[in-house]
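Breakdown of the fold
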Amino acid sequence: MRAEVAKRAEADFGLRFAPEQIVVTAGAKIAIGQALLCLVNPGDEVLIPAPFWTSYPEMVKLAEGVPVPVPCDAAFHPQVAALEAAWTPRTRVLLLNTPNNPTGAVYPEALLREIGAWALGRGVSLVSDEIYASLTYGVEHVSPLRAAPGLMETSFWIGGMSKAFAMTGWRMGFLAGPPRLAGAVARMQSQLASSPNAISQNASLAALRGGLADRERMREAFAARAKLIVGSLRAIPGLQCPQPEGAFYAFPRLGAHLGRKDPASGRVIATGDDFAELLLESDGVAVMGGSAFGAPDAMRLSFATSESVLTRALEKLATRLAALRA
Ligand SMILES: Cc1ncc(COP(=O)(O)O)c(C=O)c1O
């Protein structure tokens, strides 16, 4: 499995790792958690571009570190000026996630070069969560470690099977890093879990060797859904929604709709979470309120479902928003 992951890392992303630099884990989640446990000492600060995936700050806290959210620009890109403003002598790690959950942003190569140069200059390690790497629409994923190769000496690369191969329940992820860091994670994992289970490793091997055409077929399906969902959201007056270029989420801000009332209950919709609850209770449509991602004025819509389900859900969402009253 480690040899196969190393092969894919080179073929897909131009990253060269020896199999010994790969650690296979029971999902990407625990790979990120273990990477942080290895890098972060109590009180160390970890920069996390916001909006961010829900689990990052909690994982940093479990490692007794301090999560530091860093606001992104309007395109949901982290800028070096913002990272520098958040930097302190305690800053140890920058947690990057491209393609991004929840925003769908894919960071351009030029930006990654700037960020990489900054991180190297400041002695900051990256945990580069690239679990959505093969799901991009009209743009190319570039690994931060490829954009700034010096990071290969200091940083962790994270991937897994749950997104590109829809194997979430098989719990199979991996990380790679320089031998010293990968060795530290391997030693930690050998005490905590020994290894992920052999059945999932064999299933993942089969996917990596024989499932690339299916991966591409699903990428095309997601690309069509991304267009569908953003087209519908942008047709709703007052919603602002950047085009997701990767992953499978749209992340609209509720803008002018915030502060309005649901006429039936009289409830004021002050945040994306309020609207998510209303939509779930009234229409049986599940979206995530933005507060879990550090953006309470937004909501996250997953398009990991069929176009027919999405179309019905989007109709209900539009009707529910239109029913809100000032
Ligand atoms: C950004 C990001 N990283 C990591 C994971 C974890 O993936 P896994 O199922 O492999 O643990 C997820 C799953 O939602 C995710 O969105």
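Here we summarise the structure given alongside this text. (Residues numbered from 1 in each chain as written. Predicted model: local features only at pLDDT ≥ 70, side-chain atom pairs only at ≥ 80, totals over all residues. Heavy atoms only, no water.)

Things to note about the environment of Ala207
Filter applied, for reference: In this description a helix means any DSSP run of H or I spanning at least four residues, a strand means any run of E spanning at least two, and both kinds are numbered starting from the N terminus. The contact criterion used throughout is that any non-hydrogen atoms of two residues lie within 4.5 Å.
Along the chain, the position of Ala207 falls in helix H8 (residues 198-210). Separated by 42 residues in the primary sequence, Ala207 and Phe165 have C-alpha atoms spaced 7.2 Å apart. Beyond its immediate stretch of four places on either side in the chain, Ala207 contacts Met161, Phe165, Met167 and Leu212.

Thoughts on the sheet that holds strand E8 (residues 249-250)
Using the following cut-off: One bridge is not enough; two strands pair if DSSP finds at least two bridges between them.
Overall, antiparallel pairing links the three strands, which are arranged E8-E12-E11 in an open sheet. Edge positions in the open sheet fall to E8 and strand E11 (288-289), since each of these has one partner strand only. Two elements, E8 and strand E12 (residues 299-302), share two bridges in a ladder whose sense is antiparallel. Opposite Ala250, over in E12, you have Leu301 as the bridge partner.

Thoughts on the sheet that holds strand E1 (residues 22-25)
Rules: Where helices are involved, their axes are fitted lines through C-alpha atoms of the stretch in contact, as for all axes, and angles between N-to-C directions lie from 0 to 180°.
Pairing in this open sheet of seven strands is mixed, and the strands run E1-E7-E6-E5-E4-E2-E3 from one edge to the other. Edge strands, defined here as strands with exactly one partner in the open sheet, are E1 and strand E3 (66-71). Taken pair by pair, the neighbouring strands of this sheet meet at an average axis angle of 20°, ignoring direction. As defined by bridge partners, strand E4 (residues 91-97) adjoins strand E5 (residues 125-129) across five bridges and the pair is classed as parallel.

Concerning the layout of surface pockets
Inclusion rule: Put plainly, a pocket is an open set of points on a 1 Å grid over the protein atoms alone with protein on both sides within 12 Å along at least five of seven lines, a cavity is a set where a 1.4 Å probe fits but cannot get out, and a lining residue has an atom within 4 Å of a point. Grid points are joined across faces, edges and corners, and a volume is the space filled by probe spheres set on the points. Under the scheme applied here, ten amino acids are nonpolar (Ala, Val, Leu, Ile, Met, Phe, Trp, Tyr, Cys and Pro), four are charged (Asp, Glu, Lys and Arg), and all others, including Gly, are polar.
Of the volumes computed, that of the largest pocket is approximately 340 Å³. Considering the residues around the largest pocket, the lining is formed by 18 residues, among which Val285, Ala286, Val309, Leu310 and Ala313 are closest to the centre. Mapped onto the lining of the largest pocket, the elements with two or more residues apiece are E12 and helix H11 (307-323). The element that contributes the greatest number of residues to the lining of the largest pocket is H11, accounting for seven residues. Residues belonging to the lining of the largest pocket are distributed by class as follows: eleven nonpolar, three polar and four charged. By volume, the second largest pocket is sized at about 260 Å³. Every residue lining the second largest pocket is counted, 17 residues in all, and those nearest its centre are Lys29, Trp53, Tyr132, Ser162 and Lys163. In terms of residues, the lining of the second largest pocket owes the most to one element, helix H2 (residues 28-39), which gives three residues.

Honestly, that's just the spatial picture; any functional story needs more than this.
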